[in-house]
There are 2 protein chains.
Amino acid sequence: MIVPASRPAVVIVGAGFGGLAAARELARTMADVTVIDRRNYHLFQPLLYQVATSALSPADIAWPVRGLLARQANLRVIMDRVTAVDAAGHRVITESGRTLPFDYLVLATGARHAYFGHDDAWAPVAPGLKKIDDATDIRRRVLIAFERAEAEEDMAERRRLMTFVVVGGGPTGVEMAGAIAELARHTLRRDFRRIDPRAARVVLVEAGARVLASFDERLSVSAQRQLERLGVEVQTAARVTDCSSDGVTLGDGMIPARTIVWAAGVMASPAGKWLCVDTDRAGRIIVGPDLAIPGHPGIYAVGDTVAAAGLDGRPVPGVAPAAKQMGRHAGRLIARGISGRGDPAEPFRYRDAGAMATIGRGAAVAEVMGIRLSGFPAWLLWAVAHVYFLIGARNRLVVATNWAWNYLTFDRGARLITGPVPPLPASDGRAPPASRAEHAA
Amino acid sequence: MIVPASRPAVVIVGAGFGGLAAARELARTMADVTVIDRRNYHLFQPLLYQVATSALSPADIAWPVRGLLARQANLRVIMDRVTAVDAAGHRVITESGRTLPFDYLVLATGARHAYFGHDDAWAPVAPGLKKIDDATDIRRRVLIAFERAEAEEDMAERRRLMTFVVVGGGPTGVEMAGAIAELARHTLRRDFRRIDPRAARVVLVEAGARVLASFDERLSVSAQRQLERLGVEVQTAARVTDCSSDGVTLGDGMIPARTIVWAAGVMASPAGKWLCVDTDRAGRIIVGPDLAIPGHPGIYAVGDTVAAAGLDGRPVPGVAPAAKQMGRHAGRLIARGISGRGDPAEPFRYRDAGAMATIGRGAAVAEVMGIRLSGFPAWLLWAVAHVYFLIGARNRLVVATNWAWNYLTFDRGARLITGPVPPLPASDGRAPPASRAEHAA
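Rules and cut-offs
Residues numbered from 1 in each chain as written. Chains lettered and ligands numbered in written order. Predicted model: local features only at pLDDT ≥ 70, side-chain atom pairs only at ≥ 80, totals over all residues. Heavy atoms only, no water. Core = buried A, V, L, I, M, F, W, Y, C linked by side-chain atoms within 4.5 Å. Buried < 20%, exposed > 50% of the residue type's maximum accessible area, 1.4 Å probe, protein only. Phe/Tyr/Trp six-rings, centres within 6.5 Å; stacked < 30°, edge-to-face > 60°. Helix = DSSP H or I, 4+ residues; strand = E, 2+ residues; numbered from the N terminus. Patch = residues over 30% accessible without salt bridge, like charges linked within 9 Å, V, L, I, M, F, W, Y side chains within 5 Å. Areas by Shrake-Rupley, 256 points an atom, 1.4 Å probe, with all protein chains shown as cover. Salt bridge = Lys/Arg side-chain N within 4 Å of Asp/Glu carboxyl O. Contact = heavy atoms within 4.5 Å. Polar contact = N/O pair within 3.5 Å; in protein donor to acceptor, adjacent residues only side chain to side chain.

Participant: So what about the nonpolar core? Which residues, and what values?
Facilitator: Ranked by size, the top nonpolar core spans 124 residues in total, and within it L107(B) and F146(B) carry the most contacts. Within the second largest apolar cluster, 123 residues are counted, among which are I12(A), F44(A), M162(A) and A271(A).

Okay, here's the thing in structure tokens:
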């Protein structure tokens, strides 16, 4: 195929919901599209907590980017990490030394978790949940905590091992807390001989006045009640002042715990820094109404790395449907710019499809088209919607099979401790005291 | 439950096919059974190559040991690594300092890969396939090789990146070579823009005169033909003299390759060393006809860590059904010893259920009850038997779904590069030469 030199180059950074949606809008254009991501897969992040709690496997919720975009002939995929954008020179620079020229650029680089300035101290003890390796790390920590508790002689230490603190009462925190409680109360129920996993303490800590603050207040109340029915202890108006390997410190005391999951702070990707443009406190780029970055014609930013406002002036939430809609919008405007047909500066309008959060088996809350649902109907809607939005018939079948199995039996098949495993304490096998102390340390 | 001090203690080391079978035989005895494994899961090793080649997820072929044995009330599971056996003191000693007293001991510790004395030099460049982490490591290497090739400018280096050498023509080697060839020729076919994955070179190297030496010679010929039809280059009578990151050296030259998979040598677990008993050259314990270790009454060894002979004098092969049968036999003899009923020294008789090896989509060989099958019928039998032997309805459903999907579409869903990823070369993006050289190194 002979390509005229005038084909405009579009670079899309990030193969999440926003980046993929932008790429797809450009399928029938004259553009040469490059999608660059440091991972080789697109991740369905809304279900990542199910990998962290042993219900699903990573491959059930992730798809190779190349496979997803293979049939788009005007597109290539590069696996690399972007380190800088040379806006004046219209080039993207990568870790491995690539320089990718562009006429149009879409930054769909997402967000990561952040620890209110305590990243160095808190990150190692309170992992967050953004990547597949995060999820298998949390899975390993949770499962090993039970293994250590089973082997532990000291009752206080055993209690500490069986305490799980989830920091942050947004949808991810609610889902993690509910899923850990179900894992302990149902799935692991018969697995141990010395400990009773049902006695595990699961605490959800939220700094604000209620969980799921972005939902209608009645749904927050319902979510808290559903969590408590599952055995989760919900502490609202509780601000975390320290996280360590011994537990979580709040204003009014300490929760001794060996396992902490971070679902509180979010920080946008460094895309704003690459361009030295205005960001909000969470590092999100402040874009114009058309999602273009002010002062940088041809450069768009979409998804969680952006602070955008809908036509009503309310901020667009950091959820998957919003990222998809923004990606589609940016892609469409670029296509218009290339073809010269249509308004290339049309403002983005966010269509709010509602919100859902699941809590456990038959427990959830949902707000869809002004209708509020709780409990089983909300959960059913959540399950159907999530299976529907998974990409590909294979994943839909496999996830639906796993969920049906899980629902019928409480079993969670993916309880694998993979990767490096630290030695466990051994007090149940008459270990010499010295060795015991060493492992408790 | 008050336990009389006289309940005999049985320790089973290893939760593979042999260990689990032994544990189950002891369910209705007066014994206190302890199963100890350094992993928290039982692995269906015969399908591990499908994880390494992106067809299945780890959790599809692995089950938490605690879950499998939860209903056996006289049994506990310990996650720990055995480091020694004090035969005189009747105690097992573990890494974390446990000492586990026993009246009966079953060593079901399996085998690992070995490199004919070159472990230090060859293991890092030619990973073998025994554990889940091995499989995800090989998956990462294979997928990254294609990513690097796509980005590589130098044609010789690109060729080297797209060459995959599998060392060892037993069932694992045949299955790996066939699966890599299918991955390249079918699954990845449309995924790249600069390389054609169908041009990948897959070489299966076997030191002996034919692949699948343990099968009937006609099936070896058929397997080789089926491999060649898939595009695998089969080199028999080819002895490997060196493995490096540049390739594999044979007697008559070198195959330049960046990815090597080791499926040749096997070395038994160190169980023989723990007891200072006679082993064969592969480290396998030479057991008596009843699978007890000579000179150590009450200590049995089963599965791949054992050199046992059937009643006909032929060696029992290192396959899953043999390990299961041996485990069941040892468990039964221990139960007889405890109850005082039945012959506690009955010799083990191996019932050969046949052998199978799969090569690819619709391609396999099988020898079952004296009947030899090749091609599609063998493959169908292989698929049905392997789904049947998987534990649990959930895994059967999920694996069957994945296979049906794979068969219909050639897609392999689990193509995820997880864990640490090295920077890839970047010659397609006009990288400065210095940086390029650095990454090619």
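Participant: How would you sum up the packing of aromatic side chains? Please name residues and give values.
Facilitator: Residues and elements named next belong to chain A. Per the stated rule, a full pass over the model turns up 18 aromatic pairs over all chains. Between F17 and F44 the ring centres are 5.7 Å apart and the planes differ by 75 degrees, which places this aromatic pair in the edge-to-face class. Of this pair, F17 sits in helix α1 (residues 17-25) while F44 sits in the loop between β3 (41-43) and α2 (48-52); the two residues are 27 residues apart in sequence, bridging distant segments of the chain. On the accessibility criterion, F44 (4% relative accessible area) is buried. By way of ring pairs, the aromatic residues Y115, F116, W122 and W262 are connected into one cluster.

Participant: Go over a nonpolar patch on the surface, please, and point to the residues and values.
Facilitator: Together, F376(A), L380(A) and V384(A) make up a nonpolar patch on the protein surface, roughly 280 Å² of accessible area in all. Here F376(A) shows up in helix α11 (residues 375-389).

Participant: Quick one: what's the story with the environment of E206(B), residue by residue and with numbers?
Facilitator: Residue and element names in this part refer to chain B. Tracing the backbone through its elements, the reader meets E206 in the loop between β12 (201-205) and α8 (217-229). Of the residues examined, E206 reaches a relative accessible area of 15% and is grouped as buried. The sequence separation of E206 and A237 amounts to 31 residues, and the corresponding C-alpha distance is 6.1 Å. Among all residues touching E206, those that are not within four sequence positions of it are G168, G169, G170, Q235, T236, A237 and A238. Looking at E206, its side chain comes within polar contact range of the main-chain nitrogen of G208, at 2.8 Å.

Participant: Explain helix α1 (residues 17-25) of chain B to me, and be specific about the residues and the numbers.
Facilitator: Burial of α1(B) is extensive: 7 of the 9 residues sit out of reach of the surface. Of the residues making up α1(B), those classed as buried are F17(B), G18(B), G19(B), L20(B), A21(B), A22(B) and A23(B).

Participant: Got a sec to walk through the pattern of salt bridges? Specific residues and values, please.
Facilitator: In the structure shown here, the tally under the stated rule is 36 salt bridges over all chains. Across the pair R81(B) and E95(B) runs a salt bridge whose closest N-O atoms are separated by 3.6 Å. Of the two residues, R81(B) sits in the loop between β5 (75-79) and β6 (82-86) while E95(B) sits in the loop between β7 (91-94) and β8 (99-101), which places them 14 residues apart along the sequence. A relative accessible area of 37% means that R81(B) is categorised as partly exposed. Taking relative accessible area as the criterion, E95(B) reaches 42% and is therefore assigned partly exposed. Between R201(B) and E233(B) there is a salt bridge, and its shortest N-O distance comes to 2.8 Å. Taken together, the residues R201(B) in strand β12 and E233(B) in strand β13 (residues 232-235) connect sequence positions 32 residues apart. On the accessibility criterion, R201(B) (24% relative accessible area) is partly exposed. In this structure E233(B) comes out as partly exposed when scored by relative accessible area, which is 31%. Overlapping salt bridges, with partners in common, bring together D137(A), R140(A) and R141(A) in one network.

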